[in-house]
Amino acid sequence: AQTVTQSQPEMSVQEAETVTLSCTYDTSESNYYLFWYKQPPSRQMILVIRQEAYKQQNATENRFSVNFQKAAKSFSLKISDSQLGDTAMYFCAFMKDTGANSKLTFGKGITLSVRP
Amino acid sequence: SAVISQKPSRDICQRGTSLTIQCQVDSQVTMMFWYRQQPGQSLTLIATANQGSEATYESGFVIDKFPISRPNLTFSTLTVSNMSPEDSSIYLCSVELYYGYTFGSGTRLTVV
């Protein structure tokens, strides 16, 4: 079974600074997908970024980028130029495959607070 | 991207009663997923619902407690039956798209 570990329960960052959220996972699969989701107080789950395991290039989406280390099974999220609207809970998630076996396994999440 | 309408957004229910949560997707999808998020916790998959077949439940979740319907490719319901305060959680539906999963806005359930 796959596991996703987010060991930091909460972090705080000053507005406009950069913060990195850590995530590790365990799997015996060679092909899979990794995600970061954001859940603000509205509780809506918002997809932040996605990484396919077969791609060596790290995914980026505007101010959000990942550091994907497949051998180390590490998938950290870097948020640059932090904004107050980034305050939310962030979940790292793993998906083994698409189709019949596809389902997300989530980490415990990390609460990020952006200070003005 | 798909849009999921989930309702109700919140409810306060008496113990022993049941609540049915609805999810409507604006496009046809093969699988729909139901998650539970207990207060301050992560998301836990309850079951996967395919149209035309019985839902597949994860360990720790049973059909008698969480019956699911999937009458067509755009709609599903989750019922929380015989509720107790321990069922107080956020319940979310989700569908898989080619770029990842998208979620409904969640139902915040409080059982008193």
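Residues numbered from 1 in each chain as written. Chains lettered and ligands numbered in written order. Predicted model: local features only at pLDDT ≥ 70, side-chain atom pairs only at ≥ 80, totals over all residues. Heavy atoms only, no water.

Colleague: How should I be thinking about the overall build of chain A in this particular structure?
Modeller: On a plain count of helices and strands, chain A comes out with zero helices and 12 strands. Overall, chain A shows an N-to-C arrangement of helices and strands of β-β-β-β-β-β-β-β-β-β-β-β. Computed over the C-alpha atoms, the radius of gyration of chain A is 14 Å, within 12% of the 13 Å expected from 2.2 N^0.38 for a compact globule of 116 residues. When the backbone C-alpha atoms are referred to their principal axes, chain A occupies close to 45 × 25 × 25 Å. Going through the 116 residues of chain A one by one, you find that 47% of them count as buried. Counting contacts in chain A only where the partners sit at least 6 residues apart, residues at least 24 apart contribute 55% of the total. Carbon together with sulfur atoms contributes 45% to the accessible area of chain A, which is approximately 5700 Å² in total. One way to put it: in chain A the 12 positive side-chain charges average out to a point 5 Å from where the 10 negative ones average out. (Helix = DSSP H or I, 4+ residues; strand = E, 2+ residues; numbered from the N terminus. Rg over C-alpha atoms; globule rule 2.2 N^0.38 Å. Buried < 20%, exposed > 50% of the residue type's maximum accessible area, 1.4 Å probe, protein only. Contact = heavy atoms within 4.5 Å. Areas by Shrake-Rupley, 256 points an atom, 1.4 Å probe, with all protein chains shown as cover. Lys, Arg positive; Asp, Glu negative; His and termini not counted. Charge placed at Lys NZ, Arg CZ, Asp CG, Glu CD.)

Colleague: Is there a simple way to think about the sheet that holds strand β1 (residues 4–7) of chain B in this case?
Modeller: Hydrogen bonding along the main chain pairs the strands of a sheet, whether they run parallel or antiparallel. Residue and element names in this part refer to chain B. Pairing in this open sheet of four strands is antiparallel, and the strands run β1-β3-β8-β7 from one edge to the other. The open sheet has two edge strands, β1 and β7 (68–72), and neither has a second partner. In this sheet, adjacent strand axes meet at a mean angle of 15 degrees when their direction is disregarded. Pairing of β7 with strand β8 (residues 75–80), which is carried by three bridges, proceeds in the antiparallel orientation. (Pairing = 2+ DSSP bridges. Axes fitted to C-alpha atoms, helices over the stretch in contact; angles between N-to-C directions.)

Colleague: Hey, could you run me through the side chain of S42(B) in this one?
Modeller: As for its position among the elements, S42(B) is in the loop between β4 (31–37) and β5 (43–50). Engagement of the side chain of S42(B) in a polar contact is seen with the backbone oxygen of G107(A), the distance being 2.4 Å. (Polar contact = N/O pair within 3.5 Å; in protein donor to acceptor, adjacent residues only side chain to side chain.)

Colleague: Hey, could you run me through the state of the cysteines in this one?
Modeller: Each disulfide consists of a covalent bond between the sulfur atoms of two cysteine residues. Here the structure, examined in full by the defined rule, presents two disulfides over all chains. In this model, C23(A) is linked to C92(A) through a disulfide, with the two sulfur atoms separated by 2.0 Å. On the sign convention where negative means left-handed, the S-S torsion of about -70 degrees between C23(A) and C92(A) marks this disulfide as left-handed. Taken as a pair, C23(A) in the loop between β3 (19–21) and β4 (24–26) and C92(A) in strand β10 (residues 88–95) lie far apart in primary sequence, 69 residues in all. Owing to a relative accessible area of 1%, C23(A) belongs among the buried residues under this scheme. Across the disulfide, C23(B) is cross-linked to C93(B) (sulfur-sulfur distance 1.7 Å). Its S-S torsion of about -85 degrees marks the bond between C23(B) and C93(B) as left-handed, since a negative value means left-handed. Within this pair, whereas C23(B) is found in strand β3 (residues 19–25), its partner C93(B) is found in strand β9 (residues 89–97), the two being separated by 70 residues in sequence. Across this residue pair, the class does not change: C23(B) and C93(B) are buried. (Disulfide = S-S within 2.5 Å.)

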